[in-house]
Amino acid sequence: MSARSEPGSRAPRTLPPLGPTRDLTLPQQAERTLGNGLTVIAVRRPAVPLVELRLWMPCGRTHLARGAMLAQTLLSGTGTMSSVRIAAELQKVGGGLSAGIDPDRLMLSGAGLVTGLDRMLEILAEVLTDASYPNDDVAMERARLVDRIHAARSQPAYLARTALLRRVYGTHPYAVQTPEPEAVRAVRPGMLRSLHAERVHPAGAVLVLVGDVQPDRTLDVAEKALSGWSGAGHTAVLPPAPPLEPGPLLLVDRPGSVQSSLRIALPAVPRSHPDHAALQLANLIFGGYFSSRWVENIREDKGYTYGGHSVVEHSVAGSVLVAAADVATEVTGPALLETTYELGRLATLAPREDELEQARQYALGTLQLGISTQAGLASLTSAYAGSGLRLEFLAEHAARLAKATVTDVAEVAARHLAPARAVTVVLGDAERIAPQLATLSPVVTEPARS
């Protein structure tokens with residue numbers, strides 16, 4: 001294995017001084033829960049004459065294939081409009097809508113001219129109350145989804161991700177997030193209509209509207225358009241995510257692979273947890289941005305990869321920190337060794353003051369940048385609402401980032417980033433990399449699932 005450069009062996013790079021952190025200013029907003037259970041949040045951001053729309057509905061633990069097809073075909077038509085007509089009507093007001101689904105929620109997203117908000121909400125209401133799922137559209141989207149699943153299964157990143165999810169979540173619904181092609185092929189329009197009636201309902205749903213709007217008037221417009229959307233439906237409650245269970249390294253065999261995909265999961269905390277800000281900073285120091293220790297080590301010093309990245313992923317049932325890197329087959333073992341070294345170093349030695357300050361400025365700067373556009377503000381407001389939070393939390397989080405000390409970050413890193421707490425998955429050519437990995441950890445091997 002390659003020798004590891006000790007910290008401080010390279011001359012530090014001279015960086016320009018950091019500028020002052022701008023004060024965080026929250027925009028004007030208003031909120032109302034309608035009689036049907038829908039919560040509407042309107043936020044004023046008048047940069048351009050547009051409005052961003054985000055609607056999410058709790059939809060956890062639904063049938064995977066039917067849920068995926070519901071999102072694919074939700075906008076395929078209503079009792080009075082075809083999919084082409086829906087698109088044309090939205091284009092008249094400079095708008096568009098798209099649908100998606102994850103293990104927690106069904107989401108409708110879109111944008112349009114603020115002058116067309118009334119019409120966009122009328123169309124949204126018709127889709128929510130009268131989606132028809134035409135036979136031809138369902139058949140076409142079914143074939144497209146099957147093709148996309150097959151294409152994804154040929155990609156190492158997808159195979160590594162799915163193996164990590166299975167290893168992390170076990171029997172929890174989060175463990176499998178892509179349906180089998182055979183199950184998709186079995187979906188019929190009647191199934192989608194039944195699922196729509198069961199899951200597409202306003203109870204517990206949140207609509208976010210961000211743009212050049214007057215918040216109070218926007219709430220009135222939304223209530224007028226969507227008060228007729230009714231139905232309690234079925235509310236699925238996800239069980240808490242299981243705690244991470246470290247164990248043998250899982251080696252997923254992909255014969256002939258010229259690269260190995262490293263995926264590591266570590267325990268994390270939700271946004272509302274007191275440790276969240278310090279953990280975000282610890283993650284940035286480790287691998288959360290380009291100037292992180294891990295990237296500096298395995299990319300700049302060793303040349304093992306074009307780049308690694310780590311991020312805290314938040315879901316309704318729990319949070320997890322995931323680190324990912326793709327490395328050449330011949331350096332799989334050394335790359336994993338350096339990864340473990342950097343995690344251990346951060347978990348046992350406090351970071352330097354300058355490291356923390358650089359990470360802090362990056363975190364505060366990206367927070368400002370993330371809410372500087374209507375789309376970014378809409379997405380963040382919606383994500384926060386999904387966790388039971390509101391924009392006011394931004395100020396609290398920014399304050400925690402600003403106040404976190406080296407000791408705070410060191411303590412959080414010791415609790416969450418210790419290598420002994422990690423779940424590790426490696427996808428690659430087992431014949432070539434298993435001996436390297438076995439010198440570092442017990443290894444369990446399974447074939448890649450195509």
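Up top is the structure these notes are about.
Everything in this summary refers to the structure shown in the same document. (Residues numbered from 1 in each chain as written. Predicted model: local features only at pLDDT ≥ 70, side-chain atom pairs only at ≥ 80, totals over all residues. Heavy atoms only, no water.)

**A short note on the packing of aromatic side chains**
Aromatic rings considered in pairs are described by the distance between their centres and by the relative angle of their planes. The test is simple: Between 30 and 60 degrees the pair is tilted, below 30 it is stacked and above 60 it is edge-to-face, where a pair is any two Phe, Tyr or Trp rings, Trp via its six-membered ring, whose centres lie within 6.5 Å. Any residue under 20% of the maximum accessible area for its type is buried, any over 50% is exposed, and the rest in between are partly exposed; the area is computed with a 1.4 Å probe on protein chains only. Each helix is a run of H or I in the DSSP string that is no shorter than four residues. Each strand is a run of E no shorter than two, and both are numbered from the N terminus.
The full count for this structure, using the stated rule, is 4 aromatic pairs. Measuring from centroid to centroid gives 5.3 Å for Tyr169 and Tyr174, while their planes differ by 85°, and the two rings are edge-to-face. Accessibility expressed as a relative area gives 9% for Tyr169, which makes it buried. What makes Tyr174 buried here is its relative accessible area of 2%. When the centroid spacing of 4.5 Å and the interplanar angle of 40° are considered together, the rings of Tyr289 and Tyr362 count as tilted. Note that Tyr289 is positioned in the loop between α9 (276–288) and α10 (293–301) and Tyr362 in helix α12 (residues 353–370), a separation of 73 residues in sequence. Tyr289 gets classed as buried once you look at its relative accessible area, which sits at 9%. Judged by its relative accessible area of 36%, Tyr362 is partly exposed.

**Quick look at helix α7 (residues 189–199)**
So the rule is basically this: The directions from the helix axis to the C-beta atoms are what the arc is built from. Any two residues whose heavy atoms approach within 4.5 Å at even a single point are treated as in contact.
For α7, the complete set of buried residues consists of Pro189, Leu192, Leu195, His196 and Arg199. For α7, the buried positions fall inside an angular range of 120° around the axis, keeping them on one side. Packed against the buried residues of α7 are β3 (50–58), α1 (64–73), α3 (117–130) and α4 (135–152).

**As for empty space enclosed by the protein**
Cut-off, in case you're wondering: Using a grid of 1 Å spacing that covers the protein atoms alone, one calls a set of points a cavity when a 1.4 Å probe fits there but cannot get out, and a pocket when the set is open and has protein on both sides within 12 Å along at least five of seven lines; lining residues are those with an atom within 4 Å of a point. Grid points are joined across faces, edges and corners, and a volume is the space filled by probe spheres set on the points. Note that Gly is not counted as nonpolar here; it falls among the polar residues with everything else outside the nonpolar set of Ala, Val, Leu, Ile, Met, Phe, Trp, Tyr, Cys and Pro and the charged set of Asp, Glu, Lys and Arg.
Per the counting criterion, the structure on display carries 1 cavity of 30 Å³ or more. The calculated volume of the largest cavity comes to roughly 30 Å³. The wall of the largest cavity is formed by Leu159, Thr162, Ala163, Arg166, Val252, Ala448 and Arg449. By residue class, the composition of the lining of the largest cavity is 4 nonpolar, 1 polar and 2 charged.

**Comments concerning the sheet that holds strand β8 (residues 259–267)**
For clarity, the cut-off: The criterion for strand pairing is that DSSP finds at least two bridges linking the strands in question. Helix axes are fitted to C-alpha atoms over the stretch in contact, other axes to C-alpha atoms as well, and angles between N-to-C directions run from 0 to 180 degrees.
The strand order across the open sheet built from 6 strands is β9-β10-β8-β11-β7-β12, with neighbouring strands paired in mixed fashion. On the outer flanks of this sheet lie β9 (308–315) and β12 (443–447), each paired with one strand and no other. Sheet twist, expressed as the average angle between the axes of neighbouring strands with direction ignored, equals 20°. Of the pairings in the sheet, the one linking strand β7 (residues 249–253) to strand β11 (residues 423–428) comprises 4 bridges and is parallel in character. Bridging across to β11, Leu250 finds its partner in Val425. Strands β7, β8, β10 (318–328) and β11 of the sheet are contacted by helix α11 (residues 332–348), whose axis makes an angle of about 20° with β8. Packing of helix α16 (residues 430–438) onto the sheet brings it into contact with β7, β8, β11 and β12, and relative to β7 it is tilted by some 170°.

**Digging into the pattern of salt bridges**
Inclusion rule: Here a salt bridge means any side-chain nitrogen of Lys or Arg lying within 4 Å of a carboxyl oxygen belonging to Asp or Glu.
Scanning all chains against the criterion turns up 24 salt bridges. Put simply, Arg119 and Glu122 hold a salt bridge, and the shortest N to O gap is 3.2 Å. With Arg119 and Glu122 both in helix α3 and 3 residues apart, the pair spans about one turn of that helix. Of the charged contacts, one joins Asp275 and Arg415 as a salt bridge, the two residues approaching to 3.0 Å between their closest N and O atoms. Taken together, the residues span a long stretch of sequence, with Asp275 in the loop between β8 and α9 and Arg415 in helix α15 (residues 406–416) at a distance of 140 residues. What emerges from the salt-bridge pattern is a single network uniting Arg85, Glu89, Lys92, Arg119 and Glu122.

**Concerning the sheet that holds strand β2 (residues 39–44)**
Taken in spatial order, the 6 strands of this open sheet run β1-β2-β6-β3-β5-β4, and their pairing is mixed. Each having just a single partner strand, β1 (29–33) and β4 (96–101) make up the two edges of the open sheet. Strand-to-strand, the axes of this sheet are offset by a mean angle of 10°, without reference to chain direction. As defined by bridge partners, β1 adjoins β2 across 5 bridges and the pair is classed as antiparallel. By the bridge assignment, Ala30 is partnered in β2 with Ala42.

**Here we look at the packing of α1 against α4**
A pair of packed helices is characterised by two quantities: the angle between their axes and the separation of those axes. Where we set the bar: An angle below 35 degrees is read as roughly parallel, one above 145 as roughly antiparallel, one from 65 to 115 as roughly perpendicular, and any other as oblique. Rotating anticlockwise by less than a right angle from the far helix to the near helix defines a left-handed crossing, while the corresponding clockwise rotation defines a right-handed one.
Running from amino to carboxyl end, α1 crosses α4 at an angle of 120°, the nearest separation of the two axes being 10 Å. Taken together, the axis directions place α1 and α4 in an arrangement best described as oblique. Two packed elements cross with a definite hand, and for α1 against α4 that hand is right-handed. Listed contacts from α4 to Ala68, Met69, Gln72 and Thr73 of α1 are Asp137, Val138, Glu141, Arg142, Leu145 and Arg148. Residues that form the contact of α1 with α4 fall into these classes: 4 nonpolar, 2 polar and 4 charged.

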